[in-house]
Every structure is written in C-alpha cells, then in structure tokens.
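Okay, here's what each chain looks like letter by letter:
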Amino acid sequence: MKKTLIIVLPIVSFCSCKKDSKINDTVNPTTSFTCKINGSSWSAISRVTRKQGNTFIITGTGSLRNDVLNITTFGTQVNSYTLSTIDGKTEFTATFTSDTQNNDSLYQATSGIVQLTKVDTVNKKISGTFQFRTSKIINPLLIKEITNGSFTNLTYTE
C-alpha cells in the first residue's frame, strides 16, 4: 500500500497542477527560437520572453542547458532595431554564452539587427528575425557570427 501511495501521490500532484503557458514556451510545438552560430545550427529548448516597460527580453537555453542566447530590444513595436558602433545606434543588445558556468565564455553583440515582425498584444506573442556579430568579452578579437535567426510565436509576460 505504501508503494502505491508513493507512486500515485506524485501523479495526482502533477495532474492537479495548472500549467501557466505564459511563463515560458518550453514545450510548445508552435514556438521556436533558432539561429546559426558560426554556421552551426542552434535551437532553444527552453524559451522565456518578458515585456518590461518598453523592452522585450528574449532568453533561450539550448540543448546543452549551459548555452544561453539573450536578446533585448529597446522597443516593443513591429520595427527594425539596429546595433551599430559606427552610427552610435543601440536599439537592442544581445549576449551568447556556450557555458553559463564559465564567465570566460560570454560574447556581447557589437553590430546587427533584430526585426520584430509580429507583436500580438491580445495573445501576448511576438515573432521576428535577427542577425548580429558578437565578440568575446575577455578577448574582443574572438568573434561569433549569429545568422539566420528567428523566433516565432513566443509568449511573453509583463
């Protein structure tokens, strides 16, 4: 009887939990957050998006669970957001790390573009594309090119 109770209790607890789909899009087949990093495909298995004031903060964790791509747009409308040191534009920021346990693996975006192509304020979903160049924080000569980036139907919280 004890073994049955031990097995049934977690199942009942799990079934009675209400899923809050607005927190993240971890297991939602209609969402995606993908790109190429130096030509290699990367895809987030966990995606969390937040609207905070006049910014969207999009965070994706890859299959290794230590690799994280973070994009913040300084605007929440359908638009193109540019980062250019030459023009002095900072309309978005982005970082990538291949290992969250290692501070030496952090790369910061130095130039590029993020396009918000869809902002659904009723259902709180965003979609868009991105591409940018990053350099390693501790060694700016080490570059990673982020290309063919897209995020689709990401649910956001406020």
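Preceding block: the structure.
Residues numbered from 1 in each chain as written. Predicted model: local features only at pLDDT ≥ 70, side-chain atom pairs only at ≥ 80, totals over all residues. Heavy atoms only, no water.

J.: How should I be thinking about the pattern of salt bridges in this particular structure?
T.: Opposite charge on two side chains allows them to pair when their charged atoms are near. For the coordinates displayed, the defined rule picks out three salt bridges. Across the salt bridge formed by Glu158 and Lys51, the nearest N and O atoms sit 3.7 Å from each other. Residue Glu158 is found in the segment after β10 (143-157), and its partner Lys51 is found in strand β2 (residues 40-52); the two are separated by 107 residues along the sequence. Accessibility expressed as a relative area gives 53% for Glu158, which makes it exposed. Accessibility expressed as a relative area gives 22% for Lys51, which makes it partly exposed. For the salt bridge of Glu158 with Lys124, the shortest nitrogen-to-oxygen distance reads 3.1 Å. With Glu158 in the segment after β10 and Lys124 in the loop between β8 (106-120) and β9 (125-136), this pair connects stretches of sequence that are 34 residues apart. For Lys124, a relative accessible area of 23% puts it in the partly exposed group. Shared partners join several salt bridges into a network, and the residues in it are Lys51, Lys124 and Glu158. (Salt bridge = Lys/Arg side-chain N within 4 Å of Asp/Glu carboxyl O. Helix = DSSP H or I, 4+ residues; strand = E, 2+ residues; numbered from the N terminus. Buried < 20%, exposed > 50% of the residue type's maximum accessible area, 1.4 Å probe, protein only.)

J.: Just to check I follow, could you spell out the side chain of Ser105 for this structure?
T.: Looking at the element boundaries, Ser105 is found in the loop between β7 (92-97) and β8. Overall, Ser105 belongs to the buried group, its relative accessible area being 7%. Within the structure, the side chain of Ser105 is placed 2.5 Å from the side chain of Thr97, a separation counted as a polar contact. (Polar contact = N/O pair within 3.5 Å; in protein donor to acceptor, adjacent residues only side chain to side chain.)

J.: Would you explain the packing of aromatic side chains in this entry?
T.: What the rule picks out here adds up to eight aromatic pairs. Between the aromatic rings of Phe33 and Phe151, the centroid separation amounts to 6.4 Å while the plane-to-plane angle is 90 degrees, which identifies the pairing as edge-to-face. Within this pair, whereas Phe33 is found in strand β1 (residues 32-37), its partner Phe151 is found in strand β10, the two being separated by 118 residues in sequence. The pair formed by Phe33 and Phe151 is uniform in burial state, with each residue classed as buried. Aromatic side chains Phe130 and Phe132 sit 5.8 Å apart centroid to centroid with 25 degrees between the ring planes, which places their arrangement in the stacked category. The same class applies to Phe130 and to Phe132, which are both buried. (Phe/Tyr/Trp six-rings, centres within 6.5 Å; stacked < 30°, edge-to-face > 60°.)

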